[in-house]
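Fold and contact review
Residue strings, one per chain:
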Amino acid sequence: MTDQSPSAAFAASSFLDGANADYVDQLAARHASDPASVDPQWAEFFRALGDSELDAKRAASGPSWARTDWPPQPADDLTAALTGEWAAPPPAKEAKAAGEKIAAKAAEAGVSLSNEQIQRAVLDSIRALMIIRAYRIRGHLAADLDPLGMAEKGSHPELDPASYGFTEADMDRPIFIDNVLGLTHASMRQIIDIVKRTYCGTFALQARRGRGL
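Let me begin by describing the structure that accompanies this report. (Residues numbered from 1 in each chain as written. Predicted model: local features only at pLDDT ≥ 70, side-chain atom pairs only at ≥ 80, totals over all residues. Heavy atoms only, no water.)

1. Re the overall build of the protein chain
A tally of regular secondary structure across the protein chain gives eight helices and two strands. Each helix and strand of the protein chain, placed in order from N terminus to C terminus, yields the pattern α-α-α-α-α-α-α-β-β-α. Taking all 213 residues of the protein chain together, the buried fraction comes to 24%. Of the contacts formed within the protein chain by residues at least 6 apart in sequence, a portion of 60% connects residues at least 24 apart. By element, 56% of the accessible surface of the protein chain is carried by carbon and sulfur atoms, the whole surface being about 14600 Å². (Helix = DSSP H or I, 4+ residues; strand = E, 2+ residues; numbered from the N terminus. Buried < 20%, exposed > 50% of the residue type's maximum accessible area, 1.4 Å probe, protein only. Contact = heavy atoms within 4.5 Å. Areas by Shrake-Rupley, 256 points an atom, 1.4 Å probe, with all protein chains shown as cover.)

Right, dumping it as structure tokens:
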């Protein structure tokens, strides 16, 4: 005699609920796109259900009210300081805009630049802005917070121009920085001097005031 009680029906279908529900929904969506991509027993099960391809894919994508832009992914400097994403390069759109600005500034000065020269200037500009940003969010690591000189100073490649491809021979070459730091152009030597005074010096001064020095 076949047991048709509610408890038996629940036992027969309970694998579709709880922690297994998402897995089954994903299998159903795969079956809807390609029946051969799932085990034959599962394929037979989904055929028996008779759900349409659209319904199966909707179930696998989650509830209709779910937000695809959640949780938000902040990209500000404070978040970068906490996550360590200090050297994220700008998108291609920004690089193109920088190239156009550099070409326009050169034209104003009556200077004609080749594509190769513009590309080099854009690369310098991007790298310079990256190191400025690195000092803004991690400059405290290089601040002199130990007047007694007892602490061992660590290495911080994200604050080193060499990490961005600048050699000693490149330190005095003018770089377009588009009024960042209040300057249109600055050499890497000038940039490092400014960011050290601004971002490292400020932290050191605050630390000394906190210790009453």
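2. Focus on the pattern of salt bridges
Applying the stated rule across the entire model yields eight salt bridges. The closest approach of N and O atoms between Lys101 and Asp178, which form a salt bridge, is 2.6 Å. Of this pair, Lys101 sits in helix α6 (residues 92-108) while Asp178 sits in the loop between β1 (174-176) and β2 (185-187), and the two are 77 residues apart along the sequence. Here Asp193 makes a salt bridge to Arg197, at a shortest N to O gap of 3.2 Å. Remark: Arg197 and Asp193 occur in helix α8 (residues 188-210); sequence separation between them is four residues, near one turn of the helix. Sharing partners across several salt bridges, the network here consists of Arg120, Asp124, Asp170 and Arg173. (Salt bridge = Lys/Arg side-chain N within 4 Å of Asp/Glu carboxyl O.)

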